[in-house]
Amino acid sequence: MASSGRYLYPVVEGALADDADVRRRWIYQFDTRRGEYTGKRWAYQTDQQVNVIGDAFATGRDTMLLIERDDFEGDQAVTKRVYEIDLGRKDRDGFVKKELVVDALRIANPRGIDKGEGYGLGETFSLPVQSFETVLFVDRDTLLIGNDNNYPGNDARVTGTPDDTEIALVDLRKKRVTDDGVTVVGHRGASGYRPEHTLAAYETAINQCADYIEPDVVSTKDGVLVARHENEISGTTDVAAHPEFADRRTTKTIDGTSITGWFTEDFTLAELRTLRAKERLPQVRPQNVAFDGLYLVPTLDEVLDLARNSRTCDGAPVGVYPETKHPTYFDSIGLSLEEPLVRELGLGGFDRADAPVIVQSFEVGNLQDLDDMTDVRLGQLISSSGAPYDFVADGDPRTYADMVTKSGLREIASYADGIGAEKNVLIPRKADGTLGAPSAVIRDAHRVGLEVHTWTFRRENQFMSAEFRSSTDPNGIGDLVAEIRVFMKAGLDGFFTDNPDLGVAAVS
């Protein structure tokens, strides 16, 4: 509850039981002189449906701070944020506009306060507690935040040790920073540290200073775009453990390949929301298995909202780099991806030429369609083998190799703004698995005005060229920073990485 003059502003912590919008929270106005509610209320939208309002503090007649948080603690935490809202301003959907004041999972800690004494205490200070429930301004440049430790139930800092009740003062004065000019993309979020395509992975990427987060988008049965690497979800959710969906298991042909499993287009969004995400590569990243079963499958709308309400470490808006997955297939079943994607970008305020958005695809026709439908930047994905599936389906003999010739790149430049090429396209590997000389693709693409990004930098040995591996263990950790720097020296403009912290270190 916030207090401003004669009025109190109680805020409902969660969604009302009969509200179809599970992300809506209501702010009410109570007149202390009359001892009654005035009948006025305002709608606030949380970043995700599980979030609650922890506290409110009035900063003016129509403005206040709100704590928005989830119930996770420690390394499971996704949202511990303070937003400032203005009751007199609404967004396109009728919710009060909110502006990030502080992300309590990422606060610079130059003095190293309590460094090494528990989770979240290091070069950055984090308040990853469940009950983040206190916020107020000491002065306009100093914010006080604190928690109720729910003694002895919470142990966010040190497992098995009850949390303290903490009170921290945060200096809000901004420092000027310089953009390094390199685009670091959190590949499916920070998927090296959290299960891919979860808001936890995206938030971790943002906290590790990624410039963009990348959601792959597929459609549900009721036409809602959700973030999954593939429309087949047995590897990224716990759907196989749900007996009520056993009869949904089926075999389909996707882009010419027969696949058996469960598919997003056979589930409504409400049904998908009963599932939980899991680590796709448990043998490679066993540490990520600890997060299995915690997080929902996010909608594109939620990913866009997270980006819009966040800031990079450079202070710029966080960008979004959506990939349309299997657009020809989805067209064939009446669930076209392009129209809902453009609609979501518009509703989220991302439909401008200068918006921090790049839409990418391995196919060509849907990018050409999008070039007529939206002003946002487009990126043509390029593999080191094969061809765009829409070419294959149409009998077009051109391959990805044809697309990175000088004439092919000129054609791409007629509808796209850049390319996202597999690493081997830009610097091929030699017979011994080490990097060879750079190809002409970066130079030729730049000459026709295309930016060049590459995918995907991962820290495990099996994904790296031989000279940067640490051992023969395929899952051992190699020297990713050194590998990235070789590609940067070749003139790369940006890259996708599962490990944004290492990507940022490579360009620092």
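Residues numbered from 1 in each chain as written. Predicted model: local features only at pLDDT ≥ 70, side-chain atom pairs only at ≥ 80, totals over all residues. Heavy atoms only, no water.

A.B. asks: Please set out the overall build of the protein residue by residue, giving values where relevant.
C.D. replies: Within the protein, the secondary structure is distributed over 13 helices and 26 strands. In terms of C-alpha radius of gyration, the protein reaches 24 Å, essentially the compact-globule figure of 23 Å for 508 residues. The dimensions of the protein, computed from C-alpha atoms along their principal axes, are 75 × 50 × 45 Å. Here the contacts in the protein between residues at least 6 apart in sequence split such that 59% fall between residues at least 24 apart. Here the protein has roughly 21700 Å² of accessible surface; of this, 48% comes from carbon and sulfur atoms. Side-chain charges of the protein comprise 57 positive and 85 negative groups, with the mean position of each set lying 4 Å from the other. (Helix = DSSP H or I, 4+ residues; strand = E, 2+ residues; numbered from the N terminus. Rg over C-alpha atoms; globule rule 2.2 N^0.38 Å. Contact = heavy atoms within 4.5 Å. Areas by Shrake-Rupley, 256 points an atom, 1.4 Å probe, with all protein chains shown as cover. Lys, Arg positive; Asp, Glu negative; His and termini not counted. Charge placed at Lys NZ, Arg CZ, Asp CG, Glu CD.)

A.B. asks: Account for the pattern of salt bridges, naming residues and giving values.
C.D. replies: Side chains carrying opposite charge are able to pair once their charged atoms draw close together. Throughout the structure, instances matching the rule amount to 33 salt bridges. Between arginine 69 and glutamate 133 there is a salt bridge; the shortest N-O distance is 3.2 Å. One end of the pair, arginine 69, is in strand S6 (residues 63–69); the other, glutamate 133, is in strand S11 (residues 132–139), with 64 residues separating them in the sequence. Of the residues examined, arginine 69 reaches a relative accessible area of 3% and is grouped as buried. The partner of arginine 398 in a salt bridge is aspartate 396, with the nearest N and O atoms 2.7 Å apart. Salt bridges linked by common partners bring Arg23, Asp301, Asp305 and Arg308 together as one network. (Salt bridge = Lys/Arg side-chain N within 4 Å of Asp/Glu carboxyl O. Buried < 20%, exposed > 50% of the residue type's maximum accessible area, 1.4 Å probe, protein only.)

A.B. asks: Account for the layout of surface pockets, with residues named and values stated.
C.D. replies: Considering only enclosed or pocket space, the second largest pocket measures out at about 730 Å³ in volume. As for the second largest pocket, its lining consists of 35 residues, and the residues nearest its centre are Glu323, Lys325, Phe362, Ser383 and Trp455. Of all the elements in the fold, those that place two or more residues in the lining of the second largest pocket are strand S21 (323–324), strand S22 (358–361), helix H10 (423–426) and strand S25 (451–457). (1 Å grid on protein atoms, 1.4 Å probe; cavity = no way out; pocket = protein on both sides within 12 Å on 5 of 7 lines; lining within 4 Å. Points joined across faces, edges and corners; volume = space filled by probe spheres on them.)

A.B. asks: Break down empty space enclosed by the protein for me, citing the residues and quoting the values.
C.D. replies: All told, the structure shown has one cavity of 30 Å³ or more when counted by the stated rule. What the largest cavity holds in volume is close to 30 Å³. Lining the largest cavity are Ser191, Glu196, Glu279, Arg280, Leu281 and Arg285.

A.B. asks: Break down the packing of helix H5 (residues 338–347) against helix H6 (residues 365–373) for me, citing the residues and quoting the values.
C.D. replies: At their nearest, the axes of H5 and H6 sit 11 Å apart, and the two run at 40° to each other. When the interaxial angle is binned, H5 and H6 end up oblique. By crossing handedness, the relation of H5 to H6 is classed as right-handed. Residue-level inspection shows Glu338, Glu339 and Val342 of H5 in contact with H6, the latter providing Asn366, Leu370 and Met373. (Axes fitted to C-alpha atoms, helices over the stretch in contact; angles between N-to-C directions. Parallel < 35°, antiparallel > 145°, perpendicular 65-115°, else oblique. Left-handed = near helix turned anticlockwise from the far one by under 90°.)

A.B. asks: Lay out a negative patch on the surface with the relevant residues and their values.
C.D. replies: Negative charge collects at one region of the surface, where Asp331, Glu339, Asp369, Asp371, Asp372, Asp375, Asp417 and Glu451 lie side by side. Considering every element that reaches the negative patch, the biggest residue donor is H6, with three residues. With respect to the helices and strands, the residue aspartate 417 is situated in the loop between helix H9 (406–413) and strand S24 (418–422). The class of aspartate 417 is partly exposed, set by a relative accessible area of 37%. (Patch = residues over 30% accessible without salt bridge, like charges linked within 9 Å, V, L, I, M, F, W, Y side chains within 5 Å.)

A.B. asks: Tell me about the state of the cysteines, and name the residues and values.
C.D. replies: A covalent bond bridging the sulfur atoms of two cysteines is what the word disulfide describes. In this structure the tally under the stated criterion is one disulfide. Disulfide partner of cysteine 209: cysteine 313, at an S-S distance of 2.0 Å. Note on the cysteine 209 and cysteine 313 pair: the S-S dihedral is about -75°, so by sign convention the disulfide is left-handed. Taken together, the positions of cysteine 209 in the loop between helix H1 (199–207) and strand S15 (212–213) and cysteine 313 in the loop between helix H3 (300–308) and strand S20 (319–320) put the pair 104 residues apart, joining distant regions of the chain. Relative accessible area serves as the criterion here: at 24%, cysteine 209 is assigned to the partly exposed category. (Disulfide = S-S within 2.5 Å.)

A.B. asks: Got a sec to walk through the environment of alanine 355? Specific residues and values, please.
C.D. replies: By secondary structure assignment, the location of alanine 355 is in the loop between H5 and S22. The sequence separation of alanine 355 and aspartate 375 amounts to 20 residues, and the corresponding C-alpha distance is 9.0 Å. Those residues in contact with alanine 355 that lie beyond four places of it in its chain are Phe350 and Arg377.

A.B. asks: An account of the sheet that holds strand S13 (residues 167–171) is requested, with residue identities and associated values reported.
C.D. replies: Strand order in this open sheet of three strands is S11-S12-S13, and the pairing throughout is antiparallel. Of all the strands in the sheet, the pair left with one neighbour each is S11 and S13. Strand-to-strand twist in this sheet, taken as the mean axis angle between neighbours without regard to direction, amounts to 25°. Sheet topology places S11 next to strand S12 (residues 142–147); six bridges connect them, and they run antiparallel. In the sheet register, threonine 134 faces S12, and the bridge partner there is glycine 146. (Pairing = 2+ DSSP bridges.)

A.B. asks: Help me get a handle on the side chain of glutamine 360, residues and values and all.
C.D. replies: Checked against the element boundaries, glutamine 360 lands in strand S22. With a relative accessible area of 1%, glutamine 360 lands in the buried category. A polar contact of 3.1 Å, which involves the side chain of glutamine 360, links it to the backbone oxygen of tyrosine 321. Contact partners of glutamine 360, with chain neighbours within four places excluded, come to Glu214, Tyr321, Pro322, Glu323, Thr324, Leu367, Gly379, Leu381 and Phe496. (Polar contact = N/O pair within 3.5 Å; in protein donor to acceptor, adjacent residues only side chain to side chain.)

A.B. asks: Could you give an account of H9, naming the residues involved and the relevant values?
C.D. replies: Among all positions of H9, only Gly408, Leu409 and Ile412 are buried. Seen end-on, H9 carries its buried residues on one side only, within an arc spanning 95°. Buried residues along H9 sit against strand S23 (377–382), helix H8 (400–403), S24 and helix H11 (441–447). (Arc of directions from axis to C-beta.)

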